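Survey of secondary and tertiary structure
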Amino acid sequence: MHHFAYRDGALHAEDVPVARIAQAVGTPFYCYSTATLERHYTVFAAGLSGLDARIYYALKANGNLAVVRTLARLGAGADIVSEGELRRARTAGVAADAIVFSGVGKTEAEMAAALDAGIFQFNVESEPELRALDKVARGRGRAAPIAIRVNPEVAAGTHAKITTGTKQNKFGIPWPQARAVYALARDLEGVAAVGIAAHIGSQILDLAPFEETFVKLRDYVLALRADGHDIRRLDVGGGLGVPYGAEAPSAPAEYTGLARRILGNLGCHLMFEPGRLIAGNAGILVARVLYIKESEERRFVIVDAAMNDLIRPALYDAWHGIVPVAEPAARAPLAPADVVGPVCESGDTFTLERPLPPLRTNDLLAFTTAGAYGAVMASTYNSRRLVPEVAVKGDAFAVVRPRPTYEAMLASERLPDWLAAAGATAARGRPDEGSR
Ligand code: LLP
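Not measured: the values here are computed from a predicted model.

Some remarks on the pairing of strand β4 (residues 29-33)
Here β4 lies mainly inside the structure; five of its five residues are buried. Neither face of β4 is left uncovered, since the one carrying Phe29, Cys31 and Ser33 and the one carrying Tyr30 and Tyr32 both have all their residues buried. Here β4 runs beside strand β14 (residues 283-294); their pairing, made up of four bridges, is antiparallel. Bridge pairing in β14 links Tyr30 to Leu285.

Following this line, the structure appears as C-alpha cells:
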C-alpha cells in the first residue's frame, strides 16, 4: 500500500502532482511519501502490540534525515552500521538508547563513538571484534551491552548478493562457535552479553525461512540460559520483502504473528530491523525522457537518470516498475522498450524489452518502489551530480537533499602541491576554480 497514484490523468505523490515537483526541482529526483512511510511503520508496529518489542529501522535502506525523523517521531529506533549512520540517527532525533550497531567491520573509533553516545546494543560478529570492543569499552570504564550475531544457516531463497544467513556468507558466527564466544564474553569485563542477533537476508517473500530461523533462535536462547547466560534480548534482523511487481510477499502481520507465536513468551525484548519494508514502496525515482532511439531491433528510451542514481537493476538485475507520470490512455498500445541511462556502460540499463506505452522526449517516468536502497546507494559516477531527494506530506513538498552544484562537486577535491601551480589551470577548468 502506498500513496502514489494517478489522479485526473497525472501521477500524484499524496496530493502533489509529481510533474509539479519535476518542474520545481528538475530531474532526476527521488520523491518520498510521508503517509506511506508512516503507514508502513504503524502497520508493522501494530503487529507487535502488547509485546516487549521495538522496531529498529535499518537506516541503510534510506537514511535521509527527513525519512528517519518521520519514523523516529513514531517511536522507531535505528539499526546502524557505521559512525555516519550513528550521527545520522542522532541528528534525526533517534534516542541513543534506541540504537543498535550491526556490521562485520566496526572500527575501534566507531565503537568508541557509539559507546560515548550510549547506544542500546552492539551486535558482535566475530571473536576478534568482541575482544576489540571489550578493550575499547574497558578503556572507558564501561561494559558494552552486546548480542552475538549468530549465523543460523538458513537459506533465505533470495538474491545471492543479499543472502546473509548461510555458511558461505561473511556474516555472524555459526552456532557451535557462537556458544564458545558467549563463554568468552562472560570473562570479559568490557562486554555484557545480553542478547542474540540474527539476520538471514533481504527481500525474503516467504515466511518459511523466518520460521526456521525463529525456531533456531528460540533454542539458542534456551541453550544459552542453560549455560548460565542472562539472555534478555532477541534481535531477529530485517529482511521481509516488498512487492516490486507481481511478487506477493507475506504480510507484515503474518510475519509479526509468527514472531509472536514462536518468540513471544521467551521473556526477551524482541528487536526487529526492517528497512525495505518501511521505505521501499514509500519512494519513487522520477526521470525525464531525453531521446527515443529506434532501430529495427530495439526501442531505446534514454532517460536522464542512470545507474549511478539507482543501481539496483545493474547490480542485482532488480525489477522496478516504470510508469509514465502522465497517465497513458487506457487503450494505449504497449510495445517493448529498453529503458537506459546516459552512463557509458551497457550495464546502465533499467530494463529490457519492457512493454511500455508510446513515449516522447520530455515525458516524465517514475521508477517505483525506489525508496529503499535507492538514493543511499547513489554515486557521482560519470561526474553526474548526486541525485536530490524530495519529501511529500499531504499537499506540501520539500527538497530534503538538494542537487549539489557543479561548483560544489568540484570544490570538494584538492590538487596536490605538485599540480597546483603552473599548468594546472587547464585541468581545473576556470583558473579561479579548484583553489578553495
Ligand atoms: N539488519 C541487518 C543486519 C541487515 O544487514 C539488513 C540489510 C537489514 C537489517 C535490513 O534488511 P531489509 O529489511 O531492508 O531487507 N542493497 C540491497 C539490500 C541489502 C540489504 C543489506 N542488509 C538491495 O538493494 O536489495
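Here we look at the site of the ligand
In the vicinity of the ligand there are 18 residues, among which Ser202, Glu273, Arg312, Tyr316 and Tyr373 approach most closely. In this structure, Tyr316 approaches the ligand through a side-chain N or O atom, which is 2.7 Å from a nitrogen atom. Within the complex, 91% of the 590 Å² of free accessible area of the ligand lies under protein. Its residues assigned to classes, the shell around the ligand shows six nonpolar, six polar and six charged.

Here's the deal with helix α7 (residues 175-186)
In a regular helix each residue adds 1.5 Å, so twelve residues correspond to 16 Å; α7 covers 17 Å between its end C-alpha atoms and thus fits that length. Turning to α7, its buried residues are Trp175, Ala178, Val181, Tyr182, Leu184 and Ala185. The buried residues of α7 occupy an angular sector of 160° when the element is viewed end-on, so they sit on one face. Turning to α7, the residues buried within the fold contact α6 (127-139), β9 (144-151), β10 (173-174), β11 (191-197) and α8 (208-226).

Things to note about the domain arrangement of the protein
On domain assignment, one finds that the protein holds domain 1 (4-13 + 22-27 + 281-410) and domain 2 (32-280). A C-alpha centroid distance of 32 Å is found between domain 1 and domain 2. The interface is formed by 25 residues belonging to domain 1 together with 25 residues belonging to domain 2. Interface area, domain 1 with domain 2, both sides summed: about 2,100 Å², of which 52% is carbon and sulfur. The largest per-residue losses of area from domain 1 upon contact with domain 2 belong to Asn281, Ala282 and Tyr373, which jointly make up 28% of the total buried on that side. At the boundary of domain 1 with domain 2, the tally comes to zero salt bridges. Viewed at the interface, domain 2 and domain 1 are joined by 13 residue pairs in polar contact (both at pLDDT 80 or more). Residue assignment for the side of domain 1 that touches domain 2 shows that the elements contributing at least two residues are α11 (312-316), β20 (389-393) and β21 (396-401). Split by residue class, the side of domain 1 that touches domain 2 holds 14 nonpolar, seven polar and four charged.

Topic: the side chain of Asn308
Along the chain, Asn308 falls in the loop between β15 (299-303) and α11. The class of Asn308 is buried, set by a relative accessible area of 2%. At 2.7 Å, the side chain of Asn308 and the side chain of Arg384 are in polar contact. Residues contacting Asn308, with those up to four places away along its chain left out, are Val343, Met377, Ala378, Ser379, Thr380, Tyr381 and Arg384.

A word on the side chain of Asp304
Along the chain, Asp304 falls in the loop between β15 and α11. Of the side chains with opposite charge, Arg288 lies nearest to the buried Asp304, which makes no salt bridge, at 5.2 Å. Here the side chain of Asp304 touches Arg288 through a polar contact of 2.8 Å, landing on its backbone nitrogen. In this view, Asp304 contacts Thr27, Pro28, Ala287, Arg288, Leu290, Asp309, Pro342 and Arg384; residues no more than four positions away in its chain are not counted.

Focus on a nonpolar patch on the surface
Taken together, the side chains of Leu415, Trp418 and Leu419 define a hydrophobic patch exposed on the protein surface, amounting to about 360 Å² of accessible area. Relative to the assigned elements, Leu415 resides in the loop between α12 (406-411) and α13 (417-420). By relative accessible area, Leu415 is classed as partly exposed at 32%.

What about the sheet that holds strand β3 (residues 16-17)?
Taking strand neighbours across the sheet as the criterion, the three strands line up as β1-β2-β3 in an open arrangement whose pairing is antiparallel. At either end of the open sheet lies a strand with only one pairing partner, and these are β1 (4-7) and β3. As judged from the four bridges shared by β1 and strand β2 (residues 10-13), these two strands associate in the antiparallel manner. Each residue of the ladder has a partner; that of Ala5, found in β2, is His12.

Quick word on the packing of α6 against α7
Viewed as axis vectors pointing N to C, α6 and α7 meet at an angle of 15°, and their least axial separation amounts to 11 Å. In terms of their interaxial angle, α6 and α7 are classed as roughly parallel. Crossing handedness for the pair α6 and α7: right-handed. Residue-level inspection shows Glu127, Leu130 and Arg131 of α6 in contact with α7, the latter providing Val181, Leu184 and Ala185. Along the lines of polarity and charge, the residues of the contact of α6 with α7 split into four nonpolar, no polar and two charged.

Let's talk about the pairing of β20
On a regular strand, one side chain projects to one face of the sheet and the next to the other, so that they alternate. For β20, the buried fraction is high: four of the five residues fall into the buried class. Alignment of β4 against β20, held across four bridges, turns out to be parallel. When the bridges of β20 are listed, Cys31 appears paired with Val390. Here β20 hands over to β21 after two residues, with Gly394 in that stretch at a positive phi of 60°.

Reading the values: rules and limits
- Residues numbered from 1 in each chain as written.
- Predicted model: local features only at pLDDT ≥ 70, side-chain atom pairs only at ≥ 80, totals over all residues.
- Heavy atoms only, no water.
- Buried < 20%, exposed > 50% of the residue type's maximum accessible area, 1.4 Å probe, protein only.
- Helix = DSSP H or I, 4+ residues; strand = E, 2+ residues; numbered from the N terminus.
- Pairing = 2+ DSSP bridges.
- Near = heavy atom within 4 Å.
- Polar contact = N/O pair within 3.5 Å; in protein donor to acceptor, adjacent residues only side chain to side chain.
- Areas by Shrake-Rupley, 256 points an atom, 1.4 Å probe, with all protein chains shown as cover.
- Nonpolar A, V, L, I, M, F, W, Y, C, P; charged D, E, K, R; others polar.
- Expected span 1.5 Å × (residues − 1).
- Arc of directions from axis to C-beta.
- Contact = heavy atoms within 4.5 Å.
- Domains from an automatic or database assignment.
- Buried area = accessible area lost by both parts, 1.4 Å probe.
- Salt bridge = Lys/Arg side-chain N within 4 Å of Asp/Glu carboxyl O.
- Lys, Arg positive; Asp, Glu negative; His and termini not counted.
- Patch = residues over 30% accessible without salt bridge, like charges linked within 9 Å, V, L, I, M, F, W, Y side chains within 5 Å.
- Axes fitted to C-alpha atoms, helices over the stretch in contact; angles between N-to-C directions.
- Parallel < 35°, antiparallel > 145°, perpendicular 65-115°, else oblique.
- Left-handed = near helix turned anticlockwise from the far one by under 90°.

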